[in-house]
Amino acid sequence: MFRLLGDLARTVAALISHVVRPFHPAAPVDEVPEPAPEPASDHRPSDPEEPPAMAEIQLPQLGESVTEGTITKWFKQVGETVTEDEVLFEVSTDKVDSEVPSPVSGVLTEIRVPEGETVDVGTVIAVVGDGSATEAPAPAAEPEAAPPSAEPVPAAPAPSPEPEATAPEPAEPTAPAPPAPTPAPAPAAPAPAPAAATPAPATPAPAPAPVDQAPAPVAASPAPAEAAPAEVTAGKLLSPIVRQLINDYGVDPATLTGTGAGGRITRGDVEQAIRSGVATSPAAAPAPATPPAPQAEAAPAPVPQPEAAPAPAPAPASQPAAPPAAPARRAAPTPRSGTGDTFEPLNNIRRRTGEHMVMSKQTSPHAYTIVEVDYENVERVRRRHRESFREQEGFGLTYLPFISRAVIDALRDFPHMNASVGDGELVVHNYVNLSIAVDLDFEGLLAPVVHEADDKRLRAIARDINDLAARARTKKLSADDITGGTFTLSNSGSFGSYLVLPIINQPQVAILSTDGVHRRPVVVTDADGGESIAIHSVGLLAMSWDHRAFDGGYAAAFLREVKEILETRDWEAEL
């Protein structure tokens, strides 16, 4: 009976101990997560408040084919107030430079794309806030710093197991013992390897075996031997431009005699050596490496052996000496700025224009046709209407609207001039979009387009040309203003040029240069067929055209019609 009661008591005690123990680990587990959600709940309410206070400014789509742009200038800096529709930044694309207004009002809080960087359309380039958003990040950073301070506190009890780590410490003295012997044999092993490699070539001559041991250390010296010329060059006092010329043309400075102060090598000394061709490059120095053959014969003589020691060093260099011989001199070294030079990086429009023109020359077989035009018929009308036209329109009446009108009319009779070359086909356009080249104060060139010019008369064409030129110089053009052209006029005549051969504006097939008009004596014929000499306004029209689209006869006939229209049309009726 007592035994049964004792067993029952032990069972109850075991159950009590089993039930009570799980509560001890559970209590601290419940206590730890409770403070964790509290700071998280403090951060979350602030997050939804920040987005409404911020507005992301993206790079806009400035044309159908525009995929990227370069930020050329920021008109506002971080912290400055921006109003809606106020110019915020300037962007340059492969088609046009534009000033972009801000779509919202606020404070510029962040500029993500600095000036000069190119990004894709749609990229966030700046952030505009309401001014209060800048205060939010400060408190946000404080709670983030608080949790790390609380974390090291529970980490403090962690050192308690460190006494156990002290036990392996005595094992440390044993560890250094094995590493010490291991590295020692490692370098020793490679040393005999090269030594064994040197006797291999000496196998044909058993007698010089002891001599071969001497070149073994010499084999390790080629590196300093090759570095010797560099040290000689480094020891000389050379200006940057002189050093650049020496490197570009492979001139050995040891062969030059300096004529400057204290025997200093000047630019003239290097250029004289280059022109005379007597300067030798350092790569040519290993040429005397040919005596290795006689060295084998001189092996029995003990005296030449020390001189033969450097010979094996250039021997391996004689093999790579052949490749450097070809690029020893460059026909056109890359120019670099030096004393007296000014460094001006190419702007975006200059680089884009260059790329477009190079592509055009590679794409189209350019041919040229030139005619002389008597502008006296146009000049008389200009003189009579010059003042009244300026009063009515606000700008002067130049030759360009007359030439534009004549070209547009001639394109109706020569449609292949108003075309583009496609993939194995000529795309003839049934409308005329006339591109007019505009100079941007010598900083670049654009060709804005007079759209549907074939439906406009002279006065309307003059207005469009003036408007496009003004907006191009003030960077107010859109991408649509410079796309879709079918024929281009290059107006160099405003600068008094005599003859310019322009490059075709791809994908068009022709471009016409309107050169300067000058007063000259010409032969005129009266109604009765009599001839006389008179002073008229005369100029040239030069056209570059794509020989894939048509031939010279077609181009000449087109220019003949343009010439006839200018010389014979009743321009009074146009005005």
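These remarks concern the structure in this document. The structure presented is a predicted model; accordingly, all values stated were derived computationally and were not measured. (Residues numbered from 1 in each chain as written. Predicted model: local features only at pLDDT ≥ 70, side-chain atom pairs only at ≥ 80, totals over all residues. Heavy atoms only, no water.)

**Remarks on the pattern of salt bridges**
Here the idea is simple: oppositely charged side chains can pair when their charged atoms come close.
(1) Moving on: In the structure shown here, the tally under the stated rule is 24 salt bridges.
(2) Moving on: Put simply, Asp 409 and Arg 412 hold a salt bridge, and the shortest N to O gap is 2.9 Å. Here Asp 409 and its partner Arg 412 are both found in helix α22 (residues 400-413), 3 residues apart, which amounts to about one turn of the helix.
(3) Moving on: Looking at Asp 409, the relative accessible area reads 10%, which means it is buried.
(4) Moving on: Linked by salt bridges that have partners in common, Glu 376, Glu 379, Arg 382, Arg 383, Arg 386 and Arg 519 make up one network. (Salt bridge = Lys/Arg side-chain N within 4 Å of Asp/Glu carboxyl O. Helix = DSSP H or I, 4+ residues; strand = E, 2+ residues; numbered from the N terminus. Buried < 20%, exposed > 50% of the residue type's maximum accessible area, 1.4 Å probe, protein only.)

**Observations regarding the nonpolar core**
(1) Moving on: One finds Phe 487, Met 543, Phe 558 and Leu 566 to be the most contacted residues of the largest nonpolar core, which totals 58 residues.
(2) Moving on: Counting residues per element, this core draws most heavily on α22, which supplies 8 residues.
(3) Moving on: If you look at the next biggest cluster of nonpolar residues, it comprises 16 residues, including Leu 62, Val 119, Ile 125 and Ala 126. (Core = buried A, V, L, I, M, F, W, Y, C linked by side-chain atoms within 4.5 Å.)

**Considerations on the sheet that holds strand β4 (residues 87-92)**
(1) Moving on: Judged by pairing direction, the sheet is antiparallel, and its 4 strands sit side by side in the order β5-β4-β2-β7 without closing on themselves. Each edge of the open sheet is held by one strand with a lone partner, namely β5 (97-101) and β7 (118-120). Geometrically, the sheet is characterised by an average inter-axis angle of 40 degrees between neighbouring strands, direction not taken into account.
(2) Moving on: Judged from the 5 bridges that link them, β4 and β5 form a sheet pairing that is antiparallel. Across the sheet, Val 87 pairs through a bridge with Pro 101, a residue of β5. (Pairing = 2+ DSSP bridges. Axes fitted to C-alpha atoms, helices over the stretch in contact; angles between N-to-C directions.)

**Focus on helix α24 (residues 552-568)**
(1) Moving on: Counted at 1.5 Å a residue, the expected span for α24 with its 17 residues is 24 Å, and the 24 Å between its end C-alpha atoms agrees.
(2) Moving on: Within α24, the full set of buried residues consists of Ala 555, Ala 557, Phe 558, Leu 559, Glu 561, Val 562, Ile 565 and Leu 566. (Expected span 1.5 Å × (residues − 1).)

**Comments concerning the sheet that holds strand β3 (residues 81-82)**
(1) Moving on: As summarised here, the arrangement of the 4 strands in space is β1-β8-β6-β3, forming an open sheet in which the pairing is antiparallel. The two strands at the open ends of the sheet, each matched to only one other strand, are β1 (54-58) and β3.
(2) Moving on: Summarising the sheet, β1 and strand β8 (residues 124-129) pair through 5 bridges and their orientation is antiparallel. Looking across to β8, one finds that Gln 58 is bridged to Val 124.

**A look at helix α21 (residues 376-393)**
Residues that lie three or four places apart on an α-helix share one face, since the helix turns once every 3.6 residues.
(1) Moving on: Approximately 55 degrees is the largest bend angle found in α21, and it occurs at His 385.
(2) Moving on: For α21, every residue scored as buried is listed here: Glu 376, Val 378, Glu 379, Val 381, Arg 382, Phe 389 and Glu 393. (Bend = angle between axes of the 7 residues up to and from the residue.)

**A closer look at the packing of α22 against helix α23 (residues 458-473)**
(1) Moving on: At a minimum axis distance of 9 Å, the contact between α22 and α23 shows a crossing angle of 120 degrees. Here the hand of the crossing between α22 and α23 comes out right-handed. The residues of α23 that touch α22, namely those facing Leu 400, Pro 401, Phe 402, Ser 404, Arg 405 and Ile 408, are Leu 458, Ile 461, Ala 462 and Ile 465.
(2) Moving on: For the contact of α22 with α23, the per-class residue count stands at 8 nonpolar, 1 polar and 1 charged. (Left-handed = near helix turned anticlockwise from the far one by under 90°. Contact = heavy atoms within 4.5 Å. Nonpolar A, V, L, I, M, F, W, Y, C, P; charged D, E, K, R; others polar.)

**Quick look at the side chain of Ser 490**
(1) Moving on: Considering the arrangement of structural elements, one finds Ser 490 in strand β16 (residues 487-490).
(2) Moving on: With sequence-adjacent residues up to four places away left out, Ser 490 is seen in contact with Ala 437, Pro 502, Ile 511, Leu 512, Ser 513 and Thr 514.

**Examining unusual backbone geometry**
(1) Moving on: Omega for the bond connecting Gln 506 with Pro 507 falls within 30 degrees of zero, at 5 degrees, which places this linkage in the cis form.
(2) Moving on: In this structure, Pro 507 sits in the loop between β16 and β17 (510-525).
(3) Moving on: Here Phe 442, not a glycine, exhibits a phi torsion of approximately 65 degrees, which is positive.
(4) Moving on: Summarising the element assignment, Phe 442 is placed in the loop between β13 (438-439) and β14 (445-446).
(5) Moving on: Overall, Phe 442 belongs to the exposed group, its relative accessible area being 63%.
(6) Moving on: For Lys 475, which is not glycine, the phi dihedral falls at a positive 60 degrees.

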